[in-house]
Amino acid sequence: MDTLETRELRYFVAVAEELHFGRAAERLGMAQPPLSRAIQQLERRLGVSLLERNRRGVSLTGAGEVLLHEGRAALDVTTAAARRARRAGGADRAGGSRNRLVLAVKAAASHELLQKLLDAYAAEPDAAEIEVLPCGMCEQEGMLRDGRADVALMHAPFNSLAGFDSEELMTEGQIAILPAGHPLAARRTLSLADVSDVPDLPLARWPRHGTYPPGPGPEIHNQTQLAQLIALGRTVAVFPDSARAWLWAEHTAVPLTDAPPVVTHIAWPAHSRSLALAGLIRTAAQL
C-alpha cells in the first residue's frame, strides 16, 4: 500500500501533535473511538507501528516521526493547492479579481524595494492584482508552503529558501536600533558584542517557529510593540539597514560593523506554473 488519504494524514498528524487521543479527537471535532480505529487501520495498512501506547500515554515510534514530518508537508501541499485554485478562480472573496497574487513580506522590511517592485509591476500590461500580506518574523516560509501566499520577499540568513525557487534582489548591512537618549546611540558604529550584553538594554526576542529564544529581553509580538519598547528605553533590536524607513524620532540607528549582510530574495514555489507570477518575478529581476 503506497497511497494515503488526506483524511488519514489529518487524523494521524492531530494525534501525533497532541500525543493524546482525547485532545486530538476534540481538535478534529469527532469522537475518540472512531479516531482510535482509524489510526489502528492506518497502521495495519502500512504494516508498521506509528504510536507507542502504554499507561504513561502516547509516544511516536521512529516510523511515526517520519510520517509526522512527511504528513505535515503533504497536508501543506494539498491545502496550498486548494487555496491557490480558489484564488485563481476569484473565489476567495466576493467580487475578487480572477488574476490575483498574494505577496508575503516581513512587516516594515525592504519598504523602498517593495514600493519600487509594486510600481514597476503595476505598469506592466496585464499585471495581476497584488495583495501585500505583512507578516511577522520568519513567517513567509510557512505562508508559501501552505498557500496563504504565492510569492514572498525573504531575507537570508533569517529565512530558509529550501524548496523554493528564488531571485536575489538586494544586499544590505545591519543596524542596531536604540533609544535616542542611550549612550550607545552616540557611537558612529557598533559591534554585535556591543549590543548583545547591555545590562540596561536587553536584546528584543522574536519567535522562531512559535518559540522564543532564551534571554532577558522582552518577547516581541509585533513591530508597534517593539517600536514603543525601544522608545521607552526597554530594549534594543538588530535589523537590516532598510528598517530605517519605520524609525521614530525617539530611535537612533547605528551601523553594525561585524553583522553578516542580509540578502533579500523574491521566492516562490518551485512547481509554480503561474504566468502572472512569472511576470512579477521578471519585473523584480529587472529592478
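Taking an unreviewed UniProt entry as the reference, the protein chain is identified by name as LysR family transcriptional regulator belonging to Streptomyces asoensis. Taken directly from UniProt, the Sequence similarities (unreviewed entry) text for the protein chain runs: "Belongs to the LysR transcriptional regulatory family."

(A) View of the environment of alanine 276. Mapped onto the elements, alanine 276 comes out in helix H9 (residues 275–285). On the basis of relative accessibility, which here comes to 10%, the residue alanine 276 falls in the buried class. In contact with alanine 276, not counting residues within four places along its chain, are Asn99, Leu101, Tyr121 and Ala128.

(B) Focus on the UniProt feature "domain: HTH lysR-type" (unreviewed entry) in the protein chain. UniProt tags residues 4–61 as "domain: HTH lysR-type" (unreviewed entry). For the annotated span residues 4–61, helix accounts for 62% and strand for 14% of the residues, and the straight-line distance between the end C-alpha atoms is 19 Å.

(C) The environment of glutamate 5, seen in detail. One can find glutamate 5 in the segment before helix H1 (6–18). Separated by 37 residues in sequence, glutamate 5 and leucine 42 have C-alpha atoms that sit 9.8 Å apart. Side chain to side chain, glutamate 5 and arginine 7 meet in a polar contact 3.2 Å long.

(D) The pattern of salt bridges, seen in detail. Within this structure, the stated rule accounts for 15 salt bridges. Of the charged contacts, one joins arginine 45 and glutamate 8 as a salt bridge, the two residues approaching to 2.2 Å between their closest N and O atoms. Here arginine 45, found in helix H3 (residues 32–46), pairs with glutamate 8, found in helix H1; they are 37 residues apart in sequence, far enough to count as distant. A relative accessible area of 30% places arginine 45 in the partly exposed class. Between glutamate 17 and arginine 72 there is a salt bridge, with the nearest N and O atoms lying 2.9 Å from each other. Here glutamate 17, found in helix H1, pairs with arginine 72, found in helix H4 (residues 62–88); they are 55 residues apart in sequence, far enough to count as distant. With relative accessibility at 39%, the residue arginine 72 sits in the partly exposed group. A cluster of three or more residues bridged by salt bridges with shared partners is formed by Glu17, Glu18, Arg23, Arg27 and Arg72.

(E) Structural view of the pairing of strand E10 (residues 262–269). With respect to burial, E10 is a largely interior element, 8 of its 8 residues being buried. Here 5 bridges tie strand E5 (residues 151–156) to E10, and the two strands are oriented antiparallel to one another. Looking across to E10, one finds that alanine 152 is bridged to alanine 267.

(F) Broad picture of the nonpolar core. With 21 residues, the main nonpolar core has Phe12, Val15, Phe21, Leu35, Ile39 and Leu51 as its most contacted residues. The set of elements that each furnish at least two residues to this core consists of H1, helix H2 (21–28), H3 and H4. Looking at which element gives the most residues to this core, the answer is H1, with 7 residues. When residues no more than four places from it in sequence are discounted, the contact partners of isoleucine 39 are Tyr11, Phe12, Val15, Phe21, Leu51 and Arg53.

Thresholds applied
Residues numbered from 1 in each chain as written. Predicted model: local features only at pLDDT ≥ 70, side-chain atom pairs only at ≥ 80, totals over all residues. Heavy atoms only, no water. UniProt positions renumbered as here; feature names shortened; annotations may be inferred. Helix = DSSP H or I, 4+ residues; strand = E, 2+ residues; numbered from the N terminus. Buried < 20%, exposed > 50% of the residue type's maximum accessible area, 1.4 Å probe, protein only. Contact = heavy atoms within 4.5 Å. Polar contact = N/O pair within 3.5 Å; in protein donor to acceptor, adjacent residues only side chain to side chain. Salt bridge = Lys/Arg side-chain N within 4 Å of Asp/Glu carboxyl O. Pairing = 2+ DSSP bridges. Core = buried A, V, L, I, M, F, W, Y, C linked by side-chain atoms within 4.5 Å.

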